[in-house]
Amino acid sequence: MNANVMINWTDVGAAIEVAPQSARRVETVMGAIAVFRTVADEYYAVFDKCPHKGGPLSEGIVHGRAIACPLHNWSISLESGEALGADAGKGCTPTVPLKIADGRILLGLNF
Amino acid sequence: MTTQKERIVIIGAGMAGGRIVEEILKRDDTRFEISIIGAEPCATYDRIQLSPVLAGEKTFDQIVTHSQDWYDSNGVKTHFGYWVQSIETAAKHVVLHDGQTIAYDKLILATGSDPIRLPLPGSDLHGVVAFRDLLDVDLMTQAANNGGEAVVIGGGLLGLEAAYGLAKRGMKSTVIHLVDVLMERQLDEAAGRLLEKALLDRGVISVLNAQSEAILGETHVEGLKLKDGRVIPASLLVMAVGIHPHVEPAKSSGLVVERGIVVDDQMRTSDPNIFAIGECAQHRGQCYGLVAPIWDMCRTLADVLTEKNVDSSYAGTQMATRLKVSGVDLYSAGRFSGGEGCEDIVFRDPGRGVYKRIVIKDDKLVGTVLFGEAADGGWYFDLMKKGEDIAPIRDTLIFGQAVTNALAGQDPSDAIAAWPDDTEVCGCNGVSKGQVVASIASGNDTLDKVRGHCKASASCGSCTGIVESLLKCTLGDSFKAQTGPKPVCKCTEHGHAHVRKAIIEQELKTLPDVMQALKWTTPDGCSSCRPALNYYLLCAWPREYKDDPRSRFVNERNHANIQKDGTYSVVPRMWGGLTSAKELRAIADVVDKFNVPMVKVTGGQRLDLFGVKKEDLPAVWADLNAAGMVSGHAYAKALRTVKTCVGSEWCRFGTQDSTGLGVKLEQATWGSYMPHKFKMAVSGCPRNCAEATIKDFGVVCVDSGYELHVGGNAGIHLRGTDLLAKVATEQEALEWGKAFVQLYREDAWYLERTAPWIERVGLQFVKDRLAEPEMRAALVARFLESQAVYQVDPWAEHAPKSEPAKVFSPLADLREGFTQPEPAE
């Protein structure tokens, strides 16, 4: 995302609605976004689509700062959206800016 | 200004590219600034190991030789996913496809080779592939997942490995070969016939003397037409007819190129600042297509560049070939076809499928072909390379090294210890005995450490036994204790057995406890170890441990089977395959109410509702629950179905009430989680209509009682059951069934089905534990203890609007007018 563009922060729910090591889906006109919470209570958002075969990343196993896609076990970085490990360099899922404010999850959507 | 380091640029990040970096750094790790350019978007992997990856015997991770991390930590600049447009030799820089230039002082070409594509009509159809890189393997694996027929053109080493890999992945696999002997460049006719048979046993059909005429199909390949008119159906066609050196961009840059890029004995091309190594190079008129010459070339070039050994020169490589098809031991080296002055010594044992032939000229070994027993290949190859006088051992030579040494008065177990230091141990990576021993002596005291350090046994693995012998004789008795089993995953060094034992002995009862106590290297494991640990914990401590859905795969978390479009399939349980009008009506109503696009009868005698949306799952389950149906666990590593025939109640051949026993077995065992899926069946007579002899636990009823069969599997590797016992009463059949399930739950590794488990522990292990009444009763008691907790319907626990069902809906839906969610309480 270009930092010069004004980010439109959208409240999508309470931070506690996403349990540690899990994900929730947010439906948008641009497709679903997956909101993740790691074991260390870090939050990330990426489009809910594996770069490999479009698998729903929100249904994978969250480990460290990565998600294992439920369809074919690609590992995707929650920080960069890049495929990791053996599949590194083979694809990337767009990330979405996210911040937590007053216990709410805000996504930076400019559409 | 600081002095600029000499810049070495390498084009090609394959096996030669990776190895030359390593060889240079080994000699001098400060002098150069090294950059490497690779067209494949990944780091360096061992290309010869693509065959085991295709066959599913190895993963890609296991064949990476130089990772991105490795390059980074050695200060090597990488440009992966880039290809070189041109080399400007006057300006001394290369131009990448995106226009950027990289300057060099010394340039190394390691561009490898390309597969030859036959110019047949139809060769541009979908489903026509070569077998060269990871992308090809991916394409082939995907094709194999759809089943069907594979045709491989080319019965050489690569073609046969491809055909075997595809057969192993479940395809009907045929090899088309132009002449009448497979691998005719390495094998004589007798060995070729044995190979043909061995491949047939592994599901690969050979069509010899066959010339391809055209590839048939509209958009996708449908078959191969031969010159003689035969048509062989194919949904995948692999061309494995050979390779030619990849000579661009060397050729258009004005370097001297014949078949390959011409180099001298120092690997120098016609431009003194440019070198070429590997399959793209042509040395003394010869281009190589195997790995051993690459290592020799890399050693010479690294000597030359670092000036550590300026006299180093490459004199060509003698080559040996080993076929990487599991269970087929085949080795060939040197000249086997004989010729003037050559003598043959042949050993044949058709019963055991063993054939050995050695070719001798002037009391020297000049060639060998070994089939069925190839352990002595390295020894013969060594005698050959050294040109040793074999006259004194000629009478025992064909029986191999152990016999020869024993008759010469040496202890056969000392044979390896007595090898000279320069004897080659690992042909794949060119590692000598002396290097292995030095590696062990420097502190690498396990097989894995030796593999990581000097690469011996790190490729095809056929020298593993020799490396282990060297570990044994170098370290003495301390060796055995140090060899560990395969780790659960990359987060730990411990194997499954150790982890299970530690959970019980150290009373570890939570995931963080296990990871802490066993020194996991990651904060919260990975998608391989978490589901395994979750299972081990719930099996060991059914009452105390709380199942962790976040350590379960999607299907077990959502209690339905995810499909490729992200929808789910739902299978309600039908006890023993029985259903009723009420159940069928309820299912029909669900199909109408939720617009379920497809209903299919499963192989396990139930109905599968496909295309259910995730957010509808709780409501679908509620409707099925209301009609008395529960989850069929068709998605879980758990008891799946109990298939039955109608038995004595209806069938004129039935000997016992097979349907009734099936229902009882299913009611006793449903809901129990296991290391892997678990299927049962009960047949009412030996005609076996319920196919009980390919199930994990199968009962075949006979007049005098019940035969209990275990360890069957109808998957990729068909395995018939082993007969566990015969019992007289239904009561005993049920008791043995429960005890067997519990033994499997407690002893097998996660994701190990009963078939490989029984092959690992042996049938006798299972018999010993179940035949002993006390042990059997204890197993049943532990099973019932677990069932008291786990025999609950997960669907009922996710009733609509309940807390667990909440996560089945999106957190927010912004699709219509940016609806803001209600603030939480």
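The residue numbering used here restarts from 1 in each chain and proceeds along that chain's sequence as written. All chains are assigned letters beginning with A, and all ligands numbers beginning with 1, in the order in which they are written. In keeping with the predicted nature of the model, local features appear solely for residues at pLDDT of at least 70, side-chain atom pairs appear and are counted solely at 80 or more, and the whole-chain, interface and lining totals rest on all residues. Side-chain metrics in this entry use all non-hydrogen atoms of the structure; hydrogen atoms and water are not considered.

## Side note on the interface of chain B and chain A
Inference 1: Opposite the 43 residues of chain B that make contact, chain A presents 38 residues.
Inference 2: Summed over both partners, buried area is the accessible surface (1.4 Å probe) that two parts give up on being assembled. Between chain B and chain A, a total of about 3200 Å² is buried, with carbon and sulfur atoms accounting for 55% of that surface.
Inference 3: Any Lys or Arg side-chain nitrogen located within 4 Å of an Asp or Glu carboxyl oxygen qualifies as a salt bridge. For the pair chain B and chain A, the number of links is six salt bridges.
Inference 4: Arg25 of chain A is the partner of Glu615 of chain B in a salt bridge, and the nearest nitrogen-oxygen pair spans 3.5 Å.
Inference 5: Between N or O atoms, a polar contact is any pair within 3.5 Å; within protein, one atom must be a potential hydrogen donor and the other a potential acceptor, and residues adjacent in sequence are included only when both atoms are from side chains. Where chain B meets chain A, there are 14 residue pairs in polar contact (both at pLDDT 80 or more).
Inference 6: Each helix is a run of H or I in the DSSP string that is no shorter than four residues. Each strand is a run of E no shorter than two, and both are numbered from the N terminus. Where the side of chain B that touches chain A is concerned, the elements lending two or more residues are α3 (60-63), α5 (134-145), α17 (529-540), α18 (554-558) and β39 (812-813) of chain B. What makes two residues a contact is simply this: any of their non-hydrogen atoms within 4.5 Å.

## A short note on the UniProt feature "domain: Rieske" (unreviewed entry) in chain A
Inference 1: UniProt positions are given in the numbering used here, feature names are shortened, and annotations may be inferred rather than shown by experiment. UniProt marks residues 10-107 of chain A with the feature "domain: Rieske" (unreviewed entry), using the numbering shown here.
Inference 2: The distance from the first to the last C-alpha atom of residues 10-107 of chain A is 5 Å, and the span holds 0% helix and 41% strand.

## A closer look at the UniProt feature "binding site: [4Fe-4S] cluster" (unreviewed entry) in chain B
All names here are of chain B.
Inference 1: With numbering matched to this structure, UniProt assigns "binding site: [4Fe-4S] cluster" (unreviewed entry) to Cys645, Cys651, Cys685 and Cys689. The named residues occupy 45 residues along the chain; their greatest pairwise C-alpha distance, 11.0 Å, places them in one compact cluster.
Inference 2: Positionally, Cys645 belongs in the loop between β34 (639-644) and α21 (658-669).
Inference 3: Accessible area is worked out with a 1.4 Å probe on protein chains only. A residue is then buried under 20% of its type maximum, exposed over 50%, and partly exposed in between. You can call Cys645 buried: its relative accessible area is 16%.
Inference 4: Apart from residues no more than four positions distant in its own chain, Cys645 is found in contact with Ser658, Thr659, Val682, Ser683, Gly684, Cys689 and Ala690.
Inference 5: Checked against the element boundaries, Cys689 lands in the loop between β35 (678-683) and β36 (697-702).

## Side note on the packing of aromatic side chains
Residue and element names in this part refer to chain B.
Inference 1: Geometry of aromatic contacts follows a simple scheme: Phe, Tyr and Trp rings, the Trp one being its six-membered ring, pair when their centres are within 6.5 Å, and the pair is stacked under 30 degrees between planes, edge-to-face over 60, tilted otherwise. Applying the stated criterion across every chain yields a total of 17 aromatic pairs over all chains.
Inference 2: Note on Tyr71 and Phe80: the rings are 5.6 Å apart at their centroids and 65 degrees apart in plane angle, and the pair reads as edge-to-face. Here the two residues Tyr71 and Phe80 agree in accessibility, since each one is buried.
Inference 3: Relative to Trp757, the ring of Phe740 has its centre 5.9 Å away and its plane inclined at 50 degrees; by these criteria the two rings are tilted. With Phe740 in helix α22 (residues 730-747) and Trp757 in helix α23 (residues 754-761), this residue pair connects regions lying 17 residues apart in the sequence. Accessibility classification places Phe740 together with Trp757 in one group, the buried group.
Inference 4: Here the guanidinium or amino end of Arg19 rests over the ring plane of Trp295, the centre of that ring lying 3.9 Å away.
Inference 5: Geometrically, a lysine NZ or arginine CZ counts as sitting over a ring once it is within 6 Å of the ring centre and also within 35 degrees of the ring normal. Note that Lys356 overlies the ring of Phe347, its terminal NZ or CZ placed 5.7 Å from the centroid.

## Overview of the sheet that holds strand β12 (residues 149-153) of chain B
Residues and elements named next belong to chain B.
Inference 1: Here, strands pair whenever DSSP counts at least two bridges between them. Strand order across the open sheet formed by five strands is β11-β18-β12-β13-β14, with parallel pairing between neighbours. The open sheet has two edge strands, β11 (128-130) and β14 (204-207), and neither has a second partner. Put simply, the sheet's adjacent strands are angled 25 degrees from each other on average, direction ignored.
Inference 2: Note: β12 against strand β18 (residues 236-239), four bridges, orientation parallel. By the bridge assignment for β18, Val151 is matched with Leu237.
Inference 3: Contacts from helix α6 (residues 157-168) reach β12, β13 (172-176), β14 and β18, with the element oriented near 165 degrees to β13. Under this scheme, a helix contributes an axis fitted over its contacting stretch, all axes are lines through C-alpha atoms, and angles between N-to-C directions fall in the 0 to 180 degree range.

## Considerations on a negative patch on the surface
Inference 1: Patch construction takes residues with relative accessible area above 30% that form no salt bridge. Like charges are linked within 9 Å, and nonpolar side chains (Val, Leu, Ile, Met, Phe, Trp, Tyr) are linked within 5 Å. What sets the accessible areas is the Shrake-Rupley method with a 1.4 Å probe; for residues, cover comes only from the shown protein chains. Here the positive residues are Lys and Arg and the negative ones are Asp and Glu; neither His nor the chain ends is included. Lysine's charge is taken at NZ, arginine's at CZ, aspartate's at CG and glutamate's at CD. A contiguous patch of negative charge, built from Asp362, Asp363, Glu388 and Asp389 of chain B, is present on the exposed surface.
Inference 2: With respect to the element layout, Asp362 of chain B can be found in the loop between β26 (354-361) and β27 (364-371).

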